[in-house]
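Structural features, examined
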Amino acid sequence: MRALLSLAIGSFGIGMTEFVVMGLLPNIGRDLLPTAYAASPDDAIAQAGWLISLYALGVVVGAPTIAGSVARFPRHRVMIVLATALAFFTLLTVIAPTFELVAASRFLAGLPHGAYFGIGALVAADVLGPGNRAKGVAFVLTGLTIANVVGVPLGTLLGQQVGWRAAFAVVAGIFALATVCIAFFVPKHPGTPGRRLRDEMRVFRIGQVWFALGIGAVGFGGFFAMYSYIAPMITDVAGQPEWAVSVVLVIVGIGMTIGNIVGGALADKDLRFWLFVGLIALGVASVGLALTAGWIVSLVLFAFLVAFCGSALSPSIQTRLMDVADDNQSIAAALNHSALNIGNSLGAFLGGLAIAAGLGLVAPAWVGAVLAIGGLAVAFVAYRVEDRSGRHPAHRIPAAEAAQTAITGSIPTQR
């Protein structure tokens, strides 16, 4: 249990470091971009949104490359290195004096993200032994879930009251604690000698893999367009005090948690149908948010629905990716992290671009609706091509198992 708790501490830190910045964009823009903020707060907030995009790009680059490159090394040692890297790069965010250096630190902090989850879940599954693999994986992911419901709102509140750097200092401390705990409590765990990244890169020859990645990158970007700029929507559009941001983030975190559970169950029933329904619902919820963001009650309601629909899509997207990846399950699992974080980056970037163009602070919600429709179009084309070719996946992985596969990189053993 101590080994699993050690790994969960790290996943809690990852959840905070990825999402706490979204509630602190006005504070970061005011501090790091004072001239731009004085001239136009909206422009400064939009530029600060690049920090979200850069972290996501770090995940995109690091998830498949690091996970594939270190597969042959002992996993417990790899986890120590990854946790140390997360602590160090997050500390750089705390001490970096300029916006440019903070931006660089955020990109670097994103690199170990996907590998930590992938390798950590393999270790967790092994710790509990046969018959309990999914429990181990779920325990590690609990840290990420709790971070969205508790850690991110509290970190946002701390950053607003003490300074945004204080929130990242706490995150750096969490990663340092995770490093020490992993070193002491995670048992030795061998790697996979002879595994080569080059072999798994063959997955990119499969056309449907690109379609699946496109659905995640474009469609899931609709959620992040809203989430990235939720703080200024609450304070400047709905006219609420800063502390209200933390309260709304708790509700959004609950929506994400429930959506992930419900999405997995629905995808097991009819993946294609619920994938289409989820993307349509995400678009509708985003439009509702854009139209009613001036009223705090409706803002909270539609923000919850956007979070619910976005997270409900995740199991469907992961299942689809694993269905079409053939025998390249490990690299496909890592690529899912890349796809969803391209969505993170794309949503934050386009939302900031819309704000900078003078379209207002509710513009990211409209961007989210457009991205959801774009993801729907990619899904439609993907299935159309598959139906016309007559080449359907040889095996279909249930969404619950795909959620595990997304982390472990291997198909769960049937028992």
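On a predicted model such as this, the values are computed, not experimentally measured, just so you know.

Next up on the list: the nonpolar core. Among the nonpolar cores identified, the biggest contains 67 residues, and Phe223, Tyr227, Ile230, Leu275 and Leu299 are the most heavily contacted of them. With eight residues, helix 17 (residues 296–324) is the largest single contributor of residues to this core. Aside from chain neighbours lying at most four places away, what touches Ile230 is Val248, Leu249, Leu299 and Ala303. With 32 residues, the next largest nonpolar core counts Phe12, Val78, Leu82 and Val186 among its residues.

To continue, consider the confidence of the model for the protein chain. Here the protein chain averages 84 in pLDDT, and 86% of its residues register 70 or above. Across residues 402–415, confidence stays below pLDDT 50; counting only partners more than four residues off in sequence or on other chains, it has 42 contacts.

Quick look at the side chain of Ser6 now. Secondary-structure assignment places Ser6 in helix 1 (residues 2–23). Among the polar contacts listed, one links the side chain of Ser6 to the backbone oxygen of Arg2, at a separation of 2.7 Å. Within polar-contact distance, the side chain of Ser6 engages the backbone oxygen of Cys181 at 3.4 Å. In contact with Ser6, not counting residues within four places along its chain, are Tyr116, Ala178, Cys181, Ile182, Phe185 and Val186.

Applying the stated criterion across every chain, the model contains four salt bridges. Linking Glu242 and Arg30 is a salt bridge whose minimum nitrogen-to-oxygen distance equals 3.8 Å. Of the two residues, Glu242 is situated in the loop between helix 14 (230–237) and helix 15 (243–269) and Arg30 in helix 2 (residues 25–32); the sequence distance between them amounts to 212 residues. You can call Arg30 partly exposed: its relative accessible area is 37%. Close ionic contact of Glu386 with Arg320 constitutes a salt bridge, the shortest N to O distance being 2.9 Å. In this pair, Glu386 is assigned in helix 19 (residues 363–389) and Arg320 in helix 17, connecting sequence segments 66 residues apart.

On to the side chain of Gln160, then. Turning to its location among the elements, Gln160 is positioned in helix 9 (residues 133–162). In this structure Gln160 comes out as buried when scored by relative accessible area, which is 11%. Polar side-chain contacts of Gln160 include one of 3.2 Å to the backbone oxygen of Glu242. Residues contacting Gln160, with those up to four places away along its chain left out, are Gly23, Leu24, Asn27, Glu242, Trp243, Val245 and Ser246.

Basis of the calculations
Residues numbered from 1 in each chain as written. Predicted model: local features only at pLDDT ≥ 70, side-chain atom pairs only at ≥ 80, totals over all residues. Heavy atoms only, no water. Core = buried A, V, L, I, M, F, W, Y, C linked by side-chain atoms within 4.5 Å. Buried < 20%, exposed > 50% of the residue type's maximum accessible area, 1.4 Å probe, protein only. Helix = DSSP H or I, 4+ residues; strand = E, 2+ residues; numbered from the N terminus. Contact = heavy atoms within 4.5 Å. pLDDT = per-residue confidence, 0-100. Polar contact = N/O pair within 3.5 Å; in protein donor to acceptor, adjacent residues only side chain to side chain. Salt bridge = Lys/Arg side-chain N within 4 Å of Asp/Glu carboxyl O.

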